[in-house]
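The primary structure of each chain is shown beneath.
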Amino acid sequence: MPRKIVVIGAGGAGLTAASTAREHNPEAKIDVFTEDEYIAYSPCAVIYAIEGVIEDFDSIIMHTPEYYGKKRNISVHTKTKVASVDVDKKIVNVADGTSMPYDALVLATGGRMFVPPIEGVKLPGVYTIKHVAEGKAMKAALKKTDCVVIVGAGVIGLMMAVAVRNLGKKVTVLERYPNVIPRIIDEDMSAIVQKHCEGLGIKFVMGTPITAIKGKEKVESAVAGGKEYPCGMVIMATGVRANLELPNQMGLEIGQLGAVRASTTLQPYRNDHLVSDIYVAGDMIMCESAATPGPIMSQLGSTAVRQGRVAGINAAGGYATYPAALSPWVTYLGEIQAAGTGLSKGLAEYFGLSIVEGKAVGLTRARYYPGGKEITAKIIADKETHRILGAQLVGGEEVTGRINWMTGAILNNVTVEEFVTSYENAYCPPTSMVKDVVNQAAEVLMAKLNGSK
Ligand SMILES: Cc1cc2nc3c(=O)[nH]c(=O)nc-3n(C[C@H](O)[C@H](O)[C@H](O)COP(=O)(O)OP(=O)(O)OC[C@H]3O[C@@H](n4cnc5c(N)ncnc54)[C@H](O)[C@@H]3O)c2cc1C
């Protein structure tokens, strides 16, 4: 009998798990369930389709269910919600009343956009942003309004703010914390990002949580700090929470960050024991941080596909582990790019670590080479061990390669001294200064650690 593998969720984690399981087990019967109409798209791309940088929503859909059926022999059941899982009998119960037994199950039900339960949040004109259907509806509605309030100045809120501003709308961002991209980057770095966005014409109201949305039949204004901000649309970018509907029903253990606790084999726990034949991946789980012992929720597409791969191998009957996540990220905001990896100062404090920072401002090309843009690099290291724990970059171009470079260093437990000596950068005048800004920041940090600054 071929092995029966069921995957719940057709996002980055679920579809990667299904495809990887197929590679590792050509005989298996593989079924994927998703409540969504569309599959194989990146929520990251929805914003660009709204803005029109990507012409239509069809272009962001990488593959159809028919493709998975024909090319990979995987049955994808769209618009099919799984209502429950009987862990003891190993049966998936679909909301339409049908059921399917499994030998191995991958649970990859992602996250849900968190929306604070404030007055007026159900009014027409209030949007969240993740799915293609939401993107299409928002794009149509944006044609009928010229004034938008965005709630939340995290990466998604800022990307949305820039996109809507590029469409010529008046944009106000309301943020409860005092700085943009809070906790993920430090105040000094977020100040550069905010200033750039303000230069694009985006208005920020910081340290002021939204308290209500007003309107008779549809949105007319948002209220924060006792002030009313008139608008025709409110976009809630107030975070993503693990989708715990099925994990709770299945009795899986939920960790201190509000996500499913998983082993390195990506098995969940139930009654303090690993559950055999079930694997979890993506936005719904928490895992170990690769920067320091302790749990994190990565909630990135790049993490979801890596975890999906491990879950798929194990579901197919193989053995793989996902030790920890460092969560490197990058975003483009108008003419600047921001990126980070590992711990920010705020996250280091959360983990109770004592850290030292090094920062440098440089250029993305040799000083004499035309077109160079300013770039700021910041590196954080453990005060005791000098091990690099995190890095942040904000600049006019080329931050991705640099953040990947730092990610490699952190994953290899490199100290600042080792980085300065051995982590040489490739150089030619159009790509960097001979001593790259990252190396400059590392030298500043080394001097501080060794007491000479
Ligand atoms: C606007 C936006 C922009 C982003 N930009 C980036 C970026 O630039 N870079 C980056 O790395 N990450 C980005 N992310 C994060 C990234 O999209 C997520 O981390 C990733 O999609 C998580 O994948 P996942 O498979 O865990 O979950 P999801 O993609 O959320 O997939 C969950 C799946 O589970 C299904 N499902 C849930 N419950 C059930 C049920 N009961 N029955 C059947 N099916 C069910 C859903 O239909 C869906 O198919 C962004 C996210 C958003 C919202």
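The rules we used
- Residues numbered from 1 in each chain as written.
- Predicted model: local features only at pLDDT ≥ 70, side-chain atom pairs only at ≥ 80, totals over all residues.
- Heavy atoms only, no water.
- Domains from an automatic or database assignment.
- Contact = heavy atoms within 4.5 Å.
- Buried area = accessible area lost by both parts, 1.4 Å probe.
- Salt bridge = Lys/Arg side-chain N within 4 Å of Asp/Glu carboxyl O.
- Helix = DSSP H or I, 4+ residues; strand = E, 2+ residues; numbered from the N terminus.
- Nonpolar A, V, L, I, M, F, W, Y, C, P; charged D, E, K, R; others polar.
- Axes fitted to C-alpha atoms, helices over the stretch in contact; angles between N-to-C directions.
- Parallel < 35°, antiparallel > 145°, perpendicular 65-115°, else oblique.
- Left-handed = near helix turned anticlockwise from the far one by under 90°.
- Buried < 20%, exposed > 50% of the residue type's maximum accessible area, 1.4 Å probe, protein only.
- Patch = residues over 30% accessible without salt bridge, like charges linked within 9 Å, V, L, I, M, F, W, Y side chains within 5 Å.
- Areas by Shrake-Rupley, 256 points an atom, 1.4 Å probe, with all protein chains shown as cover.
- Near = heavy atom within 4 Å.
- Polar contact = N/O pair within 3.5 Å; in protein donor to acceptor, adjacent residues only side chain to side chain.

### Let's talk about the domain arrangement of the protein
Splitting the protein by domain gives domain 1 (4–112 + 241–315), domain 2 (126–238) and domain 3 (329–446). One C-alpha centre belongs to domain 1, the other to domain 2; they are set 30 Å apart. With 17 residues of domain 1 at the contact, the number on the domain 2 side is 17 residues. At the boundary of domain 1 with domain 2, total buried surface from both sides reaches about 1500 Å², with 67% on carbon and sulfur atoms. Of all residues in domain 1, Ile47, Ile50 and Glu51 give up the largest surface area on contact with domain 2, accounting jointly for 43% of the area buried on that side. Joining domain 1 to domain 2, the criterion identifies 0 salt bridges. Per-element tally for the side of domain 1 that touches domain 2: the top contributor is helix H2 (residues 43–51), with 8 residues. Across the side of domain 1 that touches domain 2, the residue classes break down as 11 nonpolar, 2 polar and 4 charged.

### So, the packing of H2 against helix H4 (residues 132–142)
Contact geometry of H2 with H4 gives a least axis separation of 9 Å together with a crossing angle of 25°. When the axis of H2 is compared with that of H4, the two are roughly parallel. In this structure, H2 crosses over H4, and the sense of that crossing is right-handed. Between H2 and H4, the residues in contact are Val46, Ala49 and Ile50 and Val132, Gly135, Met138, Lys139 and Leu142, respectively. Here the contact of H2 with H4 is composed, by residue class, of 6 nonpolar, 1 polar and 1 charged.

### Remarks on the pattern of salt bridges
Here the structure, examined in full by the defined rule, presents 17 salt bridges. Note that Lys81 is salt-bridged to Glu35, the shortest N-O span being 3.4 Å. Of this pair, Lys81 sits in the loop between strand E3 (74–77) and strand E4 (82–86) while Glu35 sits in the loop between strand E2 (29–33) and H2, and the two are 46 residues apart along the sequence. Note on Lys81: relative accessible area 35%, which makes it partly exposed. When its relative accessible area of 41% is taken as the criterion, Glu35 is described as partly exposed. Residue Asp272 pairs with Arg261 through a salt bridge whose shortest N-O separation is 3.6 Å. In this pair, Asp272 is assigned in the loop between strand E19 (269–270) and strand E20 (273–274) and Arg261 in strand E18 (residues 260–261), connecting sequence segments 11 residues apart. Taking relative accessible area as the criterion, Asp272 reaches 57% and is therefore assigned exposed. Judged by its relative accessible area of 26%, Arg261 is partly exposed. Within the structure, one salt-bridge network assembled from shared partners comprises Asp186, Asp188, Glu357, Lys359 and Lys378.

### Describing the packing of helix H1 (residues 12–24) against helix H8 (residues 301–315)
Packing of H1 against H8 leaves a shortest axis separation of 7 Å and a crossing angle of 40°. The two elements H1 and H8 meet at a crossing, and its hand is right-handed. Contacts between H1 and H8 involve Gly12, Ala13, Thr16, Ala17, Thr20, Ala21, Glu23 and His24 from the first element and Ala304, Val305, Gly308, Arg309, Ala311, Gly312 and Ile313 from the second. The class makeup of the residues in the contact of H1 with H8 is 7 nonpolar, 6 polar and 2 charged.

### Quick word on a nonpolar patch on the surface
On the surface, Tyr368, Tyr369, Tyr427 and Val434 cluster together into a nonpolar patch covering about 450 Å² of accessible area. Tracing the sequence through the fold places Tyr427 in the loop between helix H11 (416–422) and helix H12 (437–449). Classification of Tyr427 by relative accessible area gives partly exposed; the value is 37%.

### Observations concerning the site of the ligand
Close to the ligand lie 32 residues; Thr34, Cys44, Val82, Lys130 and Asp283 are nearest. Here Gly301 contributes a backbone N or O atom positioned 2.9 Å from an oxygen atom of the ligand. Note that an oxygen atom of the ligand is positioned 3.4 Å from one of the backbone N or O atoms of Ser302. Its free accessible area being 1000 Å², the ligand has 89% of it covered by the protein chains. Contributing elements (two or more residues each) for the shell around the ligand: H1, H2 and H8. Per-class residue counts for the shell around the ligand are 14 nonpolar, 13 polar and 5 charged. Inspection of the shell around the ligand shows a minimum of three residues originating in each of domain 1 (4–112 + 241–315) and domain 2 (126–238).

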